[in-house]
Amino acid sequence: MKVTSYATTLSYLTHQTELPLSAFLWWLRAIVEWTIMDNRRVRLVKRRNNAVNRVDRSTCVHQNQLPQIEPKLVKCPGHLGDSSTDSKQTTDQVIVCSARTNTHNSPKCVVTTGVKVCLPSRAARQCPNFVTPPKCPPEEKYGFIIPPTHTLKLLMVFPSMEGTADALKRAAEKLGFDVKNCCTHDKALEEFQTVHQDLIIIDSRSKALDFDTLCRSIRSTKGSQHIVLASVVKKSAFEKDDNLIMSHLEIGFNRCLVESINVISWYNELMQLKTSDCRNAMQIGTNQIMYKAMNGTRDPVIVMDDIGRLQYLNGASERLFGYRVEETLGKTIQTQLAGDPNQIQTLIGAVTKGKTWQGLVAFKRKAMDTLNTTCKAFPIVCAGRTPTHILLIIDTFGPAEGYMNQSRGSINSMRKSSVDFKNTDYGRRTSLAKLPLEAPITKIINLIYDVQVQSSPVAGAMLEKVVDMLKCTELYSPSVKEEAKGLHEEPVASNLIEALLSQHASGMGLNSRRSSNDSSIYRATNKALRIKPKVDKLLENVLDWDFNVFKLESLTEHRPLVNLGEQIMSHYDVHKTLGCDERTMYNWLLKIEANYHSSNPYHNSAHAADVLQAVAVFLTKDRLRLVLDPIDQATALIAAAAHDVDHPGRSSAFLANSANPLAILYNDITVLESHHAACTFKLTLNDDKCNIFKRLDRETYNLVRFNIVDMILATEMTKHFEHLAKFVNVFCTQTAEELEEVLPEVLSAPENITLIKRIMIKCADVSNPTRSLPLCIEWSKRIAEEYFQQTEEEQEKSLPVVMPLFNRGTCSVPKAQIGFMDFIINNMMDAWHAFIDMPELVTNMRKNYLAWKEMDDQGCSTLSDISKMQETTWTHRLTY
């Protein structure tokens, strides 16, 4: 279009439309500029197409396929040039050989998806200095388990809804979060335990909120490892305090957020938390499915890093090698499991190059025998381009020949070949045969080997697992069955059971603080206790199972042990059995009761009197009178009276966490029970007036001491399943008629008599659920109160919280009791009733179980709720 044409057109338009000339000039300028830019774009596209056509038969390499190699200078005079620019080209810029040559024999460079590609001529490729980069193995991609999709739940913990909290809430609602705000520690913990939010933001600026304790409580709750915890801090502290972030991360927070009243700022922060921290946490939680799958497979699976450090062993691997996971993690496979370290090193070298390896490997087991089996190793790339981990799958059903010739995808092919037990020497039978002494377990294993030689391959493999199980030192320490693990998903019950069955310090580490309840030996008071007529009347029924020890405690001014103990010891002639007078026995009871802490809600002399009374009732049963002699009866009653003497009202784990002198003395192992036993003899032997053992000869004293110490130590809950399993295996696998026939032979073994006494004191120690309902509820209230006090002291002293769910305001006592009865009480009381024939144990236990269920259904959970129901329903049955 000519300029005159533009001018004529403009003149015409201005006259026809009556618009100013400047508007049409602006419109014309825009059209011209747009036309020029469009022409430039067209030329650029043509230029790029021509460049692509020049390398049409070239090999193209994507940036993600670049190998990780050391840069090397490549100088090819006449091909790559001698200039400084050309000499700086290295082999990390992939050299691609073109099928076409150009007239100048010089390299051409093009850009393909961010990678600089050099195109040398054919002459350059024939140069002796030309370097071809190594090939990288193709990347393997596996399945991706999608985490659950739901509206993200946010829990805000702010003491007050000020500017920062309001802005945060508005931003969260704008993002569509499900927002809940709590202003106190207890409400926040209860809300989290009920809803289990994905993201929790806690205000750490206010002194009104103990954010430290709240964070630790949340982190100690089951399932909290997959949530995101963030704290809101002051801007001034964030900019000036260089230790702020580290201190918050050590507590358990994932992020620290600076206070702000700007909604957009909070919107951006929450968006980052949602797309990074929360999404990653959900993905990690979802990946637990793979661990569950590997742990349930029959094939042993091992995961190690690129130098052979063991990082994961599934259950089948533990059974195969005889090691527990904690014994192997962090150690190298060469030193821990390899029969031939050089062979394992060859395997690692091949896999780290990106290749899959399979073959015969010699493994060394914990029993120091060798197992030759086939395995397959896979390279796993977790970061970068080279393998970072190795997945090792062991085939325990066949040698290398059977494995190499069969496809892994066929189940039948995996199981067709098997180890020839007749011709394969594991070295174990030889080592066992050379032992100068032959224990019963050795005889059993030798018999199994004899059967194994003549068995089918499948039966032989199963017998091999039996031998591995028999080699375990803790034969009677069972693990919870898979089908029973989901029996109680109730957090309070699980929390209680875990605390009872654990004697060690919390995983968060020991604290240097001492407990305020440092044990000390109390001196017995000289004040004589008055025996009221009401006490005598009450003690007439001392051997009834419904005996009310709380009424005795009230009548004797919190000294029930002396009065009840004197009556029971006299009934069983304990002083005559021990050869002491009644005055010495009375002084001993005074001394022992004085060293029970009356300040303890549960572990006081009333509990000792209750256990003593339970043992006394058990001893009236015909079978125990037949089994136990007078020495056994006397030592059982003494152990019951003193089994918790000088109890501080705190658990062994608490003592270990607080670095209590008792925990240090006993190395964190069976702390309380060891102290009770030692304290019993220390109090007795140090005072001649109460030394009930002074007239015993050395042999009898040693027997008495062994029985008392053994029974006190048996009350430790970590050995509960071990003692119960032994008792059931010995006494409860036959019918009543069969047991009567074999009982004399069984009782001829002293260890079986010891086993009976252990179960007897254990049943007496936890007999609360088998008492009448009012007594059962009162004992439950007392033990819950003691646990609440321990939790409060742990929070106050910043110690690891052993039972975080035992919070006074939120804990459900019925749920805790239901779980305790299901896991600990029911089976033991059924077995004990089957042995001594005491039906009231089981009857009361089942009635109380239903009562707790009813209370839970009615929403009666806290101590205050139970006290109200107790006052209205059972007051007339629990009157002092």
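Description of the structure in this document. Remember, it's a predicted structure, so these values are computed and weren't measured experimentally.

Here we come to the overall build of the protein. Broken down by element type, the protein carries 41 helices and 12 strands. Taking all 880 residues of the protein together, the buried fraction comes to 46%. A separation of at least 24 residues holds for 68% of the contacts in the protein among residues at least 6 apart in sequence. Total accessible area on the protein stands at roughly 45800 Å², and carbon and sulfur atoms take up 53% of it.

Let us now look at the sheet that holds strand β6 (residues 228–233). If you walk across this open sheet you meet the five strands as β4-β3-β5-β6-β7, and the pairing is parallel. Edge positions in the sheet fall to β4 (178–182) and β7 (255–258), since each has one partner strand and no second. With direction set aside, neighbouring strand axes in the sheet form an average angle of 20 degrees. One ladder, built from five bridges, connects strand β5 (residues 199–203) with β6; its direction is parallel. The residue bridging Ile202 from the neighbouring strand is Ser231, located in β6.

Before going further, it helps to examine the packing of helix α34 (residues 698–714) against helix α37 (residues 750–765). Put simply, α34 and α37 touch, their axes get as near as 8 Å, and they point 50 degrees apart. The pairing of α34 with α37 is recorded here as oblique in orientation. Crossing of α34 against α37: the hand is right-handed. Only Thr754, Lys757, Arg758, Met760, Ile761 and Lys762 of α37 make contact with α34, whose side of the interface consists of Phe706, Asn707, Asp710, Met711 and Ala714. Taken together, the residues of the contact of α34 with α37 sort by class into five nonpolar, two polar and four charged.

Every buried residue of helix α15 (residues 341–351) is accounted for by Ile344, Leu347, Ile348 and Val351. Angularly, the buried residues of α15 cover 95 degrees about the axis, an arc narrow enough to put them on a single face. Residues of α15 that are exposed and point more than 90 degrees away from the buried face comprise Asn342 and Thr346. As for α15, its buried residues are in contact with β8 (301–305), α14 (333–336), β10 (357–364), β11 (370–380) and β12 (389–395).

It is worth spelling out the sheet that holds β10 at this point. Strand order in this open sheet of five strands is β9-β8-β12-β11-β10, and the pairing throughout is antiparallel. Edge positions in the sheet fall to β9 (310–313) and β10, since each of these pairs with one other strand and no more. Averaged over all adjacent pairs, the angle separating strand axes in this sheet is 30 degrees, with direction ignored. Across five bridges, the pairing between β8 and β12 is antiparallel. Each bridged residue has a counterpart across the sheet, and for Ile302 the counterpart in β12 is Leu392. Packed on one face of the sheet, α15 meets β8, β10, β11 and β12 and runs near 150 degrees to β10.

Further remarks concern the pairing of β10. Here β10 runs beside β11; their pairing, made up of eight bridges, is antiparallel. Bridge pairing in β11 links Trp357 to Ala377. With antiparallel pairing between neighbouring strands as the criterion, β10 and β11 make up a hairpin whose turn holds five residues, including Met368 at a positive phi of roughly 65 degrees.

Procedures and definitions
- Residues numbered from 1 in each chain as written.
- Predicted model: local features only at pLDDT ≥ 70, side-chain atom pairs only at ≥ 80, totals over all residues.
- Heavy atoms only, no water.
- Helix = DSSP H or I, 4+ residues; strand = E, 2+ residues; numbered from the N terminus.
- Buried < 20%, exposed > 50% of the residue type's maximum accessible area, 1.4 Å probe, protein only.
- Contact = heavy atoms within 4.5 Å.
- Areas by Shrake-Rupley, 256 points an atom, 1.4 Å probe, with all protein chains shown as cover.
- Pairing = 2+ DSSP bridges.
- Axes fitted to C-alpha atoms, helices over the stretch in contact; angles between N-to-C directions.
- Parallel < 35°, antiparallel > 145°, perpendicular 65-115°, else oblique.
- Left-handed = near helix turned anticlockwise from the far one by under 90°.
- Nonpolar A, V, L, I, M, F, W, Y, C, P; charged D, E, K, R; others polar.
- Arc of directions from axis to C-beta.

In short, shape yes, function no, at least from these values alone.
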